[in-house]
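If you want the building blocks of each chain, they are given just below.
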Amino acid sequence: MLEIKCPYCGKRSQNEFAYGGDATVKRPELNKEVPDEEWDTFVYYRKNPRGNHLELWHHISGCRQWFKAKRNTATHEIIDTFELSDDIGDAS
Amino acid sequence: MKKYSVFSLIKNALSHHQNWDVAWRDPEPKKEYEVIIIGGGGHGLATAYYLAKNFNIRNVAILEKGWIGGGNVGRNTTILRSNYMYNANNLFYEEGMKMWRNLSQELNYNVMYSPRNILNLAHSDAQMNAYSRRGNSMRLNGIDAQLLYREDIKKIIPFADFSSNCRFPIFGALRQPAGGTARHDAVAWGYARGADDLGVDIIQNCEVTGFDVNNGKIQGVQTSRGNIKTKKIGLCVAGSTSLLAEKLNMTLPIEAHVLQACVSEPIKPLLDQVVTFGAGHFYCSQSDKGEMVMGGDLDGYNSYAQRGNLPTIQHVLTEGVALFPNLSRLKILRTWGGIMDMSMDTSPIIDKTHIDGLYLNCGWCYGGFKATPVSGLTFAHTIAKDEVHELNAPFRLDRFHTGHLIDEKGIGTKTWIS
Ligand SMILES: Cc1cc2nc3c(=O)[nH]c(=O)nc-3n(C[C@H](O)[C@H](O)[C@H](O)COP(=O)(O)OP(=O)(O)OC[C@H]3O[C@@H](n4cnc5c(N)ncnc54)[C@H](O)[C@@H]3O)c2cc1C
Ligand SMILES: [Zn+2]
């Protein structure tokens, strides 16, 4: 069982959370011409690392806030969690 | 290769089974091969077998970082079916189902293909409509499919919950009679023995750590057992695909996720079908040893650990007990996990790449076992002829650019909810 620290509620069981995927994908800016490749990359392509991964989680059965977690995909260790507004770069 | 037969069995029984030939050699890697297959799972082994058998390309090595059968090919719940909605999937997987019928004879190895029916249960009128549509789509592609109703199902699985206060009553089911199971390790071992017999070198404990590429052309691989030259590489590493692609500066429309399964303690024959619960995600069959083999959802977060967590097992078994209340009295014998190469439209990718001599076989999600023969057949064709086979032509990588997705599940890019 994963124990996930919601930045707002503290440590809770995995059962209360929903996963939201890679938090490093960036939506293309809309105030410019966006080439198809950039859209494809945004929608479909993922770095999919073995090791630290910055990802979105939703405390769906709790405070219902979205937040970011830095988690190791090889060991499942959750290294830290952050509010969405925290700019912490990428996971490595 | 000495053929297995009733006579060889009697002969070897007389010498107390001490004189069987090894099923495949354990060769040292050569300096160079015409084709190198990375990954000794079902798909890699089948690909090498058909390269040798159908295209007479025998100077082939399979490089496996662990042992044959240690990956997903030995971890799956062995369900075989071709009950899809879209033509591309129907035609591809149905060719695979045809191959399963003769595979034991083809390989002279009993893969224990058991066409025992797959029943996809429906629990609402809407689901019955969806299944009748899917069944029609199958029949238009020449695949037998039948729509069954509640009374029919009662006769087939009387121990399911048919009570009046059942939360998800069974309305009916879509049945594919040819659907069933096969013994997964026998598939790996049978293809390994067959490929070895045709001259393929199976090299275990040999991890590929890098690639030699020059001017956009494959020149060889770096491995834990030295560098090996080749002009053609077939990548068949399932859950590890993104890791090897990264070494080639390629990013793919794939995420790695852990899928678990479990078996109960063995019991007397109870279930002679493959059954899926339609009000959630639970599938079940009974093995020849008597264990109930059960699986369901992904754990639901990116993972390269070949193990998962208990909440998913609990969730899956809750659904199991909702369907078959008598399961509640069974103990779970073991659980395990494997790493799925989840593609962004839940369909596989079998294709050439922008690198000359690099061929890609991945994106199997959790349905790749049933595809083992046809994946090997079409991937061998793609590698040998440097062009896709008509059956894998829809499964090209550029569909994520052109928009010709095969999104059978219609779940968008949230691969973990499929
Ligand atoms: C729990 C579970 C249940 C499933 N149930 C079903 C089912 O009912 N029906 C179905 O059709 N499918 C099912 N699947 C999916 C199916 O098992 C896979 O899609 C399929 O086995 C993948 O192809 P493979 O056999 O070639 O993979 P694998 O057996 O995983 O082969 C890949 C191989 O590549 C090797 N490798 C990785 N990296 C390297 C490297 N750097 N160098 C050398 N070798 C490397 C690995 O060690 C591994 O042996 C299930 C999977 C799981 C885990
Ligand atoms: Zn919270």
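1. Topic: the site of ligand 1
Residue and element names in this part refer to chain B.
Move 1: Around ligand 1 sit 37 residues in total, of which Glu-64, Asn-72, Val-73, Thr-77 and Lys-370 are the nearest.
Move 2: For ligand 1, an oxygen atom lies 3.1 Å from a polar atom in the backbone of His-43.
Move 3: In the environment of ligand 1, an oxygen atom lies 3.0 Å from a nitrogen or oxygen atom belonging to the backbone of Gly-368.
Move 4: Protein coverage of the free-state accessible area of ligand 1, which is 1000 Å², stands at 95%.
Move 5: Elements with a minimum of two residues in the shell around ligand 1: helix H2 (42-55), strand E13 (254-264) and strand E17 (332-343).
Move 6: For the shell around ligand 1, the element with the most residues is E13, which contributes three residues.
Move 7: Here the shell around ligand 1 is composed, by residue class, of 17 nonpolar, 15 polar and five charged.

2. Comments concerning the coordination of the zinc ion (ligand 2)
Residue and element names in this part refer to chain A.
Move 1: For the zinc ion (ligand 2), every protein donor is listed as Cys-6 (SG), Cys-9 (SG), His-59 (ND1) and Cys-63 (SG), and the spread of their distances is 2.0 to 2.3 Å.
Move 2: Of note is the zinc ion (ligand 2), whose four donor atoms meet at the metal with angles of 105 to 117° in an arrangement that counts as tetrahedral.
Move 3: In primary-sequence terms, the residues that donate to the zinc ion (ligand 2) follow C-x2-C-x49-H-x3-C. Residue Cys-6 is found in strand E1 (residues 3-6), and its partner Cys-63 is found in the loop between strand E4 (52-58) and strand E5 (66-72); the two are separated by 57 residues along the sequence.
Move 4: By relative accessible area, Cys-63 is classed as partly exposed at 32%.

3. Let's talk about the sheet that holds strand E9 (residues 208-214) of chain B
By definition, the strands of a sheet pair up through backbone hydrogen bonds, in either a parallel or an antiparallel sense.
Residue and element names in this part refer to chain B.
Move 1: The strand order across the open sheet formed by three strands is E9-E10-E11, and the pairing between neighbours is antiparallel. Each edge of the sheet is formed by a strand with only one pairing partner; in this case those strands are E9 and strand E11 (226-229). Sheet twist, expressed as the mean angle between neighbouring strand axes with direction ignored, is 25°.
Move 2: Pairing of strand E10 (residues 217-223) with E11, which is carried by four bridges, proceeds in the antiparallel orientation. By the bridge assignment for E11, Val-221 is matched with Ile-228.

What counts as what
Residues numbered from 1 in each chain as written. Chains lettered and ligands numbered in written order. Predicted model: local features only at pLDDT ≥ 70, side-chain atom pairs only at ≥ 80, totals over all residues. Heavy atoms only, no water. Near = heavy atom within 4 Å. Polar contact = N/O pair within 3.5 Å; in protein donor to acceptor, adjacent residues only side chain to side chain. Areas by Shrake-Rupley, 256 points an atom, 1.4 Å probe, with all protein chains shown as cover. Helix = DSSP H or I, 4+ residues; strand = E, 2+ residues; numbered from the N terminus. Nonpolar A, V, L, I, M, F, W, Y, C, P; charged D, E, K, R; others polar. Donors = N, O, S within 2.8 Å, 3.2 Å for Na, K, Ca; no water. Tetrahedral: all angles 85-135°; square planar, octahedral: opposite > 155°, others 65-115°. Buried < 20%, exposed > 50% of the residue type's maximum accessible area, 1.4 Å probe, protein only. Pairing = 2+ DSSP bridges. Axes fitted to C-alpha atoms, helices over the stretch in contact; angles between N-to-C directions.

Don't take any of this as a statement about function, it's just geometry.
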